[in-house]
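Reading the structure
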Amino acid sequence: MTATHASPDHSLDSFGDAAASATRVTPGNALRPEDIAVRPDKPSDDVAEYALRLGDDSLILAQRLSHWISRGPELEEDIALGNIALDLLGHARSFLIYAGHTLGRSEDDLAYWREEEEFRSAWLFEQPNGDFGVTIARQLIVSIYQHLLYSRLVNSSDTMIAAISAKALKEVDYHRDHATQWTLRLGDGTEESHERMQAALEFVWPYVDELFDEDALFERLGDAGVRPSTLREQFDAEIAAVIDEATLSLPALPRAMGGGRRGLHTEHLGYLLAEMQVLARKHPGATW
Amino acid sequence: MAAAKLQPVPTAGNEAPAPERSAEDIAGQAYFDRIIAEDSRIEPKDWMPAAYRKTLVRQISQHAHSEIIGMQPEANWITRAPSLKRKAILMAKVQDEAGHGLYLYSAAETLGTPRDVLNQQLLDGKAKYSSIFNYPARSWADMGAIGWLVDGAAIANQVPLCRASYGPYGRAMVRICKEESFHQRQGFEILLELSHGTPEQKQMAQDAVDRFYAPALMMFGPPDDDSPNSKQSMAWNIKRFSNDELRQRFVGMIVEQAKVLGLTLPDPELRFDEETGQWIHMELDWQEFKDVIAGRGPCNAQRMARRREAHEDGTWVREAARAYAEKQLKKVGAA
Ligand SMILES: [Fe+2]
Ligand SMILES: [Fe+2]
């Protein structure tokens, strides 16, 4: 117990312990964004673009999930969804800082001063929270996808991408478990929850395919990246198993067009960014 | 966040006189008195006076509710935090407060009142929470002022509660206080950064301190001569220092820190009286305090509406979890 009336530490050292509070349940505090910021590693232009995509996916979803804090169906979920958001924000910061080394921009430049068409996230991540079922359905897809992706990226020929992925992998493993457990409970809970969860899956399903789209970047990346199409089979098998056990059915719906990787987004992203960026943009050049 | 002095609790003096006491009660009372005299700890299974139990349930649950409602003013700025690092720190902080609520509800449950019941009291407007959270968080600088002053006052209040005579309460406070010091520090750093920033940022910081100073001082509760229940709480070793003593200690702490911040405390009467060794501060507006507790604060309705909305929106989720658990139990039974 340290906190009687000692004055706070006046130094402005980084809050490495921000993520180390007692309510944190996910493992891994090894590679912090602040550590990456002071390293000289510069990604190639292609790897920087790739890191931007990975970072934007997690940043946009973290922003969405953070809205649940103080609004969850029970206190435990305020904490769990907050944890997941915090993990994703950590991954986003790491990837953005790394990309920024080549782009000549800080994580905050990239988060707060890019325009909508400069964001590289896929459409799924910006979809609104909806009810708890929609949030869980979105999270189930994302965390199965990210788990498969990071499992392979730990072997990336780019050592920083590999290192960030190794840390993220441990955390998204927990996210995947959380989303799976809730999918089972909502799918195989009450009649109402079953209906809501089925509707939730159908709401997010059109955005699945975009995650596995490939463009010329992947040819140039070589072993630094992972071709998402190579993850698809295992993704389909894993998600089908969860959906089946949850007594739900796999939606058969046409895919949405997508285009996030090229900066073409749904109407939702503009509002999300307006909220996220408003204060920073009111004070150009300020530090916080 | 805050173990503010919340509202009067009934004490032994308010209870109807007890009827004939059993031999067990007499022995129990003797044991209880000895434990209190020795300044040791009462544990859940121990005999305790009904009024002691009632006081504790009331105080611990009010404290828990304060943690939960206290999440709202800060959650209000998570999505607009002006840097990603600040966003991460604020998220971790608000999430800690949910954890504090959980520890405290668990401590209250050891006294025999389930969390559901306590939560329902909050939703029904029958339970109180710290009045400070009925003030709006208007600017980003309020994240600094809340961390520095509100969590700071909570620390001053809560550190002595780590030695509270009821074991589970004291132990919950130990865990909570560890995190509160991080909360205060992050608030202080927000203000420090702003006060060294642009003129607009510095103004934002001063404005936040101006608005939160008096409400933070009121978190310690009414002056000692208007706090009739403190005496019993102190006799039971729940409370260790009077409201005014704690307020003194807090003022002394923030005066020095305000200098480091380069911000002014909005108190023209603030000075240290060498003769009495006391901090003199301005008269606080106790009518406002009473008004806010009675529900007439700026955000009472909003805070309660949000809590009820979250609870109602989550009903189908909690029902699903219950139904699923029952099904699993049946499956195990059938196997
Ligand atoms: Fe706190
Ligand atoms: Fe707290």
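Quantities reported herein were computed from a predicted structural model and do not represent experimental measurements.

So, on to the overall build of chain A. Along chain A, the regular secondary structure elements total 11 helices and zero strands. Reading the secondary structure of chain A in the N-to-C direction produces α-α-α-α-α-α-α-α-α-α-α. The 288 residues of chain A split such that 58% are buried. Accessible area of chain A: about 11100 Å², with a carbon and sulfur share of 51%.

Under the defined criterion, the tally for this structure stands at 36 salt bridges over all chains. Residue Lys-126 of chain B is joined to Asp-124 of chain B by a salt bridge in which the shortest nitrogen-to-oxygen separation is 3.9 Å. A residue is classified by how much of its surface remains accessible, and Lys-126 of chain B, at 64% relative accessible area, is exposed. Across the salt bridge formed by Arg-247 of chain B and Asp-244 of chain B, the nearest N and O atoms sit 2.7 Å from each other. Here Asp-244 of chain B and Arg-247 of chain B lie together in helix 10 (residues 243-261), a separation of three residues that amounts to about one turn. Bridged by salt links that share partners, the residues Glu-49, Arg-53, Arg-120 and Asp-215 of chain A form one connected network.

As a further point, take the interface of chain A and chain B. In this complex, chain A contributes 69 residues to the contact, which on the side of chain B involves 68 residues. Carbon and sulfur atoms make up 66% of the area that chain A and chain B hide from each other, which totals about 6200 Å². Among the ionic pairs, Lys-327 of chain B bridges to Asp-188 of chain A, the shortest N-O distance being 3.0 Å. At the boundary of chain A and chain B, one finds 17 residue pairs in polar contact (both at pLDDT 80 or more). Where the side of chain A that touches chain B is concerned, the elements lending two or more residues are helix 2 (45-66), helix 3 (75-103), helix 4 (107-112), helix 6 (132-153), helix 7 (159-187), helix 8 (191-204) and helix 11 (268-282) of chain A. Here the side of chain A that touches chain B takes 11 residues from helix 3 of chain A, the largest share from any one element. When its residues are assigned to classes, the side of chain A that touches chain B shows 29 nonpolar, 22 polar and 18 charged.

A word on the packing of helix 7 (residues 167-195) of chain B against helix 10 of chain B. All names here are of chain B. Look at helix 7 against helix 10: their axes get within 9 Å of each other, and the N-to-C directions meet at 35°. For the pair formed by helix 7 and helix 10, the contact residues are Gln-184, Phe-188, Leu-191, Leu-192 and Ser-195 on the first element and Met-253, Gln-257, Val-260 and Leu-261 on the second. Of the residues that constitute the contact of helix 7 with helix 10, the class distribution is six nonpolar, three polar and no charged.

Summary statistics for chain A give a mean pLDDT of 91 and a share of 90% for residues scoring 70 or more. In the model, residues 1-29 of chain A has pLDDT below 50 throughout and makes 74 contacts with residues more than four positions away in sequence or in other chains.

What follows deals with the packing of aromatic side chains. Applying the stated rule across the entire model yields 13 aromatic pairs over all chains. Here Tyr-50 of chain A and Phe-218 of chain A contribute two aromatic rings whose centre-to-centre distance is 5.8 Å and whose plane-to-plane angle is 85°, an arrangement assigned as edge-to-face. Highlighted residues: Tyr-50 of chain A in helix 2 and Phe-218 of chain A in helix 9 (residues 217-221), separated in sequence by 168 residues. Using a relative accessible area of 4% as the deciding quantity, one classes Tyr-50 of chain A as buried. Geometrically, the ring pair formed by Tyr-145 of chain A and Phe-212 of chain A is edge-to-face, given 5.7 Å between the ring centres and 85° between the ring planes. Residue Tyr-145 of chain A is found in helix 6, and its partner Phe-212 of chain A is found in the loop between helix 8 and helix 9; the two are separated by 67 residues along the sequence. Judged by its relative accessible area of 5%, Tyr-145 of chain A is buried. By the ring-pair criterion, three or more aromatic residues cluster together here, those being Phe-32, Trp-47, Tyr-52 and Trp-236 of chain B. We note Arg-175 of chain B situated over the ring of Tyr-103 of chain B; from NZ or CZ to the ring centre the distance is 3.8 Å.

Once that is clear, we can look at helix 11 of chain A. The first and last C-alpha atoms of helix 11 of chain A sit 22 Å apart over 15 residues, in line with the 21 Å expected at 1.5 Å per residue. All of the buried residues along helix 11 of chain A are Leu-269, Leu-272, Leu-273, Met-276, Gln-277, Leu-279 and Ala-280 of chain A. Taken together, the buried residues of helix 11 of chain A touch helix 2, helix 4 and helix 5 (123-126) of chain A together with helix 3 (71-78) and helix 4 (84-109) of chain B.

So, about a negative patch on the surface. Residues and elements named next belong to chain B. A cluster of acidic residues, Asp-224, Asp-225, Asp-226 and Glu-245, forms a negative patch on the protein surface. Of note, Glu-245 is situated in helix 10. Taking the relative accessible area as the measure of exposure, Glu-245 reaches 42% and is therefore partly exposed.

Rules and cut-offs
- Residues numbered from 1 in each chain as written.
- Chains lettered and ligands numbered in written order.
- Predicted model: local features only at pLDDT ≥ 70, side-chain atom pairs only at ≥ 80, totals over all residues.
- Heavy atoms only, no water.
- Helix = DSSP H or I, 4+ residues; strand = E, 2+ residues; numbered from the N terminus.
- Buried < 20%, exposed > 50% of the residue type's maximum accessible area, 1.4 Å probe, protein only.
- Areas by Shrake-Rupley, 256 points an atom, 1.4 Å probe, with all protein chains shown as cover.
- Salt bridge = Lys/Arg side-chain N within 4 Å of Asp/Glu carboxyl O.
- Contact = heavy atoms within 4.5 Å.
- Buried area = accessible area lost by both parts, 1.4 Å probe.
- Polar contact = N/O pair within 3.5 Å; in protein donor to acceptor, adjacent residues only side chain to side chain.
- Nonpolar A, V, L, I, M, F, W, Y, C, P; charged D, E, K, R; others polar.
- Axes fitted to C-alpha atoms, helices over the stretch in contact; angles between N-to-C directions.
- pLDDT = per-residue confidence, 0-100.
- Phe/Tyr/Trp six-rings, centres within 6.5 Å; stacked < 30°, edge-to-face > 60°.
- Lys NZ or Arg CZ within 6 Å of the ring centre and 35° of its normal.
- Expected span 1.5 Å × (residues − 1).
- Patch = residues over 30% accessible without salt bridge, like charges linked within 9 Å, V, L, I, M, F, W, Y side chains within 5 Å.
- Lys, Arg positive; Asp, Glu negative; His and termini not counted.
- Charge placed at Lys NZ, Arg CZ, Asp CG, Glu CD.

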